[in-house]
Amino acid sequence: MRIIEILRSIPTDLPRWGLLALLVFAPWDYGSTRPWGKFLLTVSLFALLGLFLLSLLAKPRLPKLNLLSAILTGLLLLQGWVMVLNPKQRFEAASFAFVNLTGAISWLPGVVDRATAESQLLLVNGLVGAFWIASDLAASARWRTRLWWIMSLTGISLVVLGLVQRFTGARAIFWDPVADTGTTFFATYRYHANAGAYLNLVLPLIAAQAVLAFLRKYSHTAMTFWSIATLMTAACAFINVSKAAMVIAAFILLAQAYQQLNQFPIEFKNWSKTQLTAICVVFVGLLSWLIWAFGFGDSLARWGDLISSGNGNSTSRWLVDEVILRYALPVSGWWGFGPGTFQIAFPFFTQSLGNGIAGIWQDAHNDYLQGLMEWGYLGGALWAALLLGGLGMAIDRHRRQQRSWDTETRLLSSAGILSLGGLMLHALVDFPLQIPSLQLYAAVLLGLLWNLPDARRQRKRISKTQASERTLRKQAEPQAAGERVFNQGG
């Protein structure tokens with residue numbers, strides 16, 4: 001019987017295990033930023049989506065999706081594929097011009113370059129599949145824990161790599177010394193801001209594991225491991241020296257500390273506030289020592305060299321934002337130029353400026369403006385509803401449910417909110433939501449936050465069941481009494 005149950009669970013569990021494997025693979029594969037890495041991630045996500053849909057057919061059931069999130073993702077895919085299948089123009093790199101295409105349906109929206117948009121939309125389609133899978137398994141406490149562990153441990157592994165690079169003074173990623181990794185690489189990420197965004201994604205998850213280890217009174221080894229992991233991850237956010245990442249890391253640490261102190265009556269019944277204050281002081285002291293010991297001064301010097309050489313100038317970023325707002329958005333309109341087309345569309349709006357910014361901006365350093373330019377006002381509204389709506393709903397649910405949830409669900413909820421919130425703050429000044437590995441983590445966290453179980457609804461269902469059972473017992477009592485009288489009379 002046990003073997004039969006295992007065999008029956010394979011179709012359901014296979015896409016889930018595959019998603020866990022991709023959460024390990026994507027960050028280690030240079031963040032899946034290289035063309036072959038992005039292609040491999042896209043193919044893998046499509047395979048998982050296919051397995052997930054087959055699992056729903058093999059054991060007929062509906063996926064456990066929030067209805068609103070399912071509608072929003074469906075509308076996004078509908079807009080994307082309508083535009084990709086109805087291209088209006090094709091970009092000619094040789095002449096650096098767009099060529100109008102015949103045969104396009106005039107009253108339907110279309111992309112400005114099908115090849116570019118289709119490649120990006122396939123990845124978006126796979127990421128939506130990851131969102132659906134994560135949403136479906138959010139109802140399972142076991143799978144939520146597995147996701148939490150995988151993302152945390154993968155983050156720790158990259159933290160260790162980054163610290164070893166800084167400690168040894170590495171000038172490139174160890175196994176790829178001939179690649180152009182620049183001077184701002186950290187771990188497997190070429191650009192330190194993207195590395196910082198990844199660190200801030202996993203920092204709340206790792207810190208929540210440390211809190212859980214102390215609350216559940218795990219072994220001293222577990223408590224020590226997660227405490228050191230939290231310290232190292234927090235230190236890396238500063239050693240990496242990305243301005244935005246440092247500010248967001250400080251915000252995350254303060255918000256997480258406030259959250260735990262706010263839940264003092266719930267979770268820290270056996271701890272005094274003096275003990276917690278002492279722990280915070282020790283944590284800050286050790287964090288400061290680690291930041292300096294692992295090369296903060298050297299990283300800061302590198303960052304200073306970049307500024308003095310003219311790289312990382314925030315003035316040109318504001319100029320890009322101005323170009324998008326004043327020139328690009330009025331043209332992109334309600335439907336946008338198409339997913340992933342920023343790099344080929346943006347230079348046409350900068351030719352008259354004559355300052356050379358057209359050739360160096362592959363991304364806008366503001367994901368929201370880039371998203372509006374690529375997806376238009378309508379697609380931008382759908383993305384905002386999915387991201388901001390999901391985050392807002394998760395915050396409201398956490399506020400209402402935190403006293404009803406068990407400790408593990410409560411910690412995962414707060415950590416997920418801080419992870420996704422930090423990433424979305426970072427997207428205001430950089431392009432983390434254009435990095436495939438960060439997109440994957442964001443999709444999984446968003447799926448969890450949209451579909452965490454509602455403890456009150458569960459209790460209501462249990463109460464209704466118990467009430468029904470009591471009613472049946474009361475109805476059965478007179479009948480049983482009559483049967484006893486009849487038997488005694490007989």
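Keep in mind that this is a model prediction, so the values were computed, not measured.

Draft legend 1. Focus on the side chain of Asn-366. In this structure, Asn-366 sits in the loop between helix 13 (342-345) and helix 14 (367-401). A relative accessible area of 9% places Asn-366 in the buried class. In contact with Asn-366, other than residues within four places in its own chain, are Asp-321, Ala-427, Leu-428 and Asp-430.

Draft legend 2. Representation of the nonpolar core in the model. One finds Leu-19, Leu-23, Leu-45, Leu-147, Met-151, Leu-440 and Val-444 to be the most contacted residues of the largest nonpolar core, which totals 94 residues. With 14 residues, helix 6 (residues 192-215) is the single largest residue contributor to this core. Once residues lying within four places of it in the same chain are set aside, the contact partners of Leu-23 are Leu-147, Ile-150, Met-151, Thr-154, Leu-440, Tyr-441 and Val-444.

Draft legend 3. Fine view of the side chain of Ser-32. Within the element layout of this structure, Ser-32 appears in the loop between helix 1 (2-28) and helix 2 (35-58). Polar contacts involving the side chain of Ser-32 include one to the main-chain carbonyl oxygen of Ala-26, which spans 3.3 Å.

Draft legend 4. How the structure looks around the environment of Phe-39. With respect to the helices and strands, Phe-39 occurs in helix 2. Distance from Phe-39 to Leu-123, taken between C-alpha atoms, is 8.2 Å for residues 84 residues apart in sequence.

Draft legend 5. Here's a closer look at the packing of aromatic side chains. According to the stated counting rule, one finds 15 aromatic pairs in the structure shown. Plain terms: the ring middles of Phe-98 and Phe-348 are 4.8 Å apart, the flat faces sit at 40 degrees to each other, and that makes the pair tilted. Of this pair, Phe-98 sits in strand 2 (residues 97-100) while Phe-348 is found in the loop between helix 13 and helix 14, placing the two residues 250 residues apart along the sequence. Positioned above the aromatic ring of Trp-143, the side-chain terminus of Arg-146 is 4.5 Å from the ring centre.

Draft legend 6. Representation of the pairing of strand 2 within the structure. By the bridge criterion, 4 bridges tie strand 1 (residues 89-92) to strand 2 in an arrangement that is antiparallel. Note that in strand 2 the partner of Glu-92 across the bridge is Ala-97. Hairpin connection, strand 1 to strand 2: the antiparallel pair is bridged by 4 residues, and Phe-96 has positive phi, about 50 degrees.

What counts and what doesn't
Residues numbered from 1 in each chain as written. Predicted model: local features only at pLDDT ≥ 70, side-chain atom pairs only at ≥ 80, totals over all residues. Heavy atoms only, no water. Helix = DSSP H or I, 4+ residues; strand = E, 2+ residues; numbered from the N terminus. Buried < 20%, exposed > 50% of the residue type's maximum accessible area, 1.4 Å probe, protein only. Contact = heavy atoms within 4.5 Å. Core = buried A, V, L, I, M, F, W, Y, C linked by side-chain atoms within 4.5 Å. Polar contact = N/O pair within 3.5 Å; in protein donor to acceptor, adjacent residues only side chain to side chain. Phe/Tyr/Trp six-rings, centres within 6.5 Å; stacked < 30°, edge-to-face > 60°. Lys NZ or Arg CZ within 6 Å of the ring centre and 35° of its normal. Pairing = 2+ DSSP bridges.

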